[in-house]
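# Residue-level structure breakdown
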Amino acid sequence: MQHLVDTNDFSNAQITQLLQDAKSFKAHRPPQLLHDKLLITLFFEASTRTRSSFEVAAKRLGASVVHLDPSRSSAKKGESLEDTFANLCAMEPDGIIVRHSHNDTPKILANMQSTPVINAGAGNYAHPTQALLDLFTMVEHFGGNVEGKTIAIVGDIVSSRVASSGIRLFRRMGMNILLVAPEQFMPDSTLKQYKNLEDVMDKVDVIMSLRAQLERHEKELFEDYDDYASQYCISKKRMGDRKILLLHPGPVMRNIDISDEMLEDPRCQVLTQVKNGVFMRMAILKLLLLDS
Ligand code: ASP
């Protein structure tokens, strides 16, 4: 039984396969490969893109999807996460897609070996399907290879599971990674760190902007965001005429992470990421439910 807790669960050959499948699903709508499969989503944290993207991906491949809303489930009556999960597994789904605020939850549930577990975001530790869809978007943009390309990850890196999974995967794919953040958003890392965005603008092929995750910080970080935005918001003025690919996992805080004007610029591929997310998640579901 194969799970997806983080991208290191996949071999290089599997990642190549995922990129190929995502590309071919994007080019031609595939047959209902998963018509006899049933997935359950179990999201203990809010989600717009990831949950709907998984549902669209599953349905495009013919699978059925059942959602359990933990805020209305027996979790509210004190049932443990493991018991909730075991009860769902007793209904014999073909996989459970889980999002949780604790870093270890997907691993703990995967270790129960009852059904394939797909991590849809865990704490600040991992968001593997986002990293894979970001890789797909970059591979597509650069015409097949990201090796040797430089990406700057900008913003609240310490809180970001998108950054954690991305850093592990992009390094493995041979990318150079620069971290750009104020001190309170910078993780412990051996990667090159910068406080000033201006210092990296001429070094990068890609910028990944991240949201300030206020829900994961215990204390108030800034009096207001004008000061932060004046230093880290990706604006047209900052980008100049450089050919940099601009990514963001969403939700974008307009004029704090990325300016309104820059969101309209063709270099900003935020909606391409969302579109590609469906194709990459289709490829992931095929790999986990059919090929493994
Ligand atoms: N949507 C992403 C996540 O779930 C990023 C974010 O929330 O800022 O991690």
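Right above here is the structure, for reference.
Turning our attention to the overall build of the chain. Counting its regular elements, the chain contains ten helices and nine strands. Here the C-alpha radius of gyration of the chain, 19 Å, is about what a compact globule of 292 residues would show, namely 19 Å. Dimensions of the chain, computed from the C-alpha atoms along their principal axes, are close to 55 × 45 × 35 Å. Within the chain, the proportion of its 292 residues that are buried is 54%. Once local pairs closer than 6 in sequence are excluded, the contacts in the chain between residues at least 24 apart make up 75%. Both charge centroids of the chain, one from 34 positive and one from 37 negative side chains, sit 5 Å from each other.

In this section: the site of the ligand. Neighbouring the ligand are R99, H127, R161, V162, R211, Q213, G250 and P251. One nitrogen or oxygen atom from the side chain of R99 is found 3.3 Å from an oxygen atom belonging to the ligand. Residue R161 places a side-chain N or O atom 2.9 Å away from an oxygen atom belonging to the ligand. Burial of the ligand by the surrounding chains reaches 91%, relative to a free accessible area of 260 Å². Across the shell around the ligand, the residue classes tally to two nonpolar, three polar and three charged.

Quick look at the packing of aromatic side chains now. One pair of aromatic rings is described through two measures. These are the centre distance and the angle between the planes. According to the stated counting rule, one finds two aromatic pairs in the structure shown. Note on F185 and Y228: the rings are 5.6 Å apart at their centroids and 70° apart in plane angle, and the pair reads as edge-to-face. Residue F185 is found in the loop between β6 (176–180) and β7 (192–194), and its partner Y228 is found in helix α7 (residues 225–232); the two are separated by 43 residues along the sequence. Three or more aromatic residues link up through ring pairs in this structure, and these residues are F185, Y228 and Y232. Its guanidinium or amino end placed over the ring of F54, R281 lies 5.1 Å from that ring's centre, counting from NZ or CZ.

For S164, the position within the fold is in helix α6 (residues 161–172). Those residues within four positions of S164 in sequence are excluded, and the remaining contacts are N124 and Y125.

What follows deals with unusual backbone geometry. Between G250 and the following residue, P251, the backbone shows a cis peptide bond with an omega angle of -5°. For E92, which is not glycine, the phi torsion reads 60° and is therefore positive. Turning to its location among the elements, E92 is positioned in the loop between α3 (81–89) and β3 (95–100). Despite not being glycine, Q113 has its phi angle at roughly 50°, a positive value. Mapped onto the fold, Q113 is located in the loop between α4 (105–111) and β4 (117–122). You can call Q113 partly exposed: its relative accessible area is 46%.

Thresholds applied
- Residues numbered from 1 in each chain as written.
- Predicted model: local features only at pLDDT ≥ 70, side-chain atom pairs only at ≥ 80, totals over all residues.
- Heavy atoms only, no water.
- Helix = DSSP H or I, 4+ residues; strand = E, 2+ residues; numbered from the N terminus.
- Rg over C-alpha atoms; globule rule 2.2 N^0.38 Å.
- Buried < 20%, exposed > 50% of the residue type's maximum accessible area, 1.4 Å probe, protein only.
- Contact = heavy atoms within 4.5 Å.
- Lys, Arg positive; Asp, Glu negative; His and termini not counted.
- Charge placed at Lys NZ, Arg CZ, Asp CG, Glu CD.
- Near = heavy atom within 4 Å.
- Polar contact = N/O pair within 3.5 Å; in protein donor to acceptor, adjacent residues only side chain to side chain.
- Areas by Shrake-Rupley, 256 points an atom, 1.4 Å probe, with all protein chains shown as cover.
- Nonpolar A, V, L, I, M, F, W, Y, C, P; charged D, E, K, R; others polar.
- Phe/Tyr/Trp six-rings, centres within 6.5 Å; stacked < 30°, edge-to-face > 60°.
- Lys NZ or Arg CZ within 6 Å of the ring centre and 35° of its normal.

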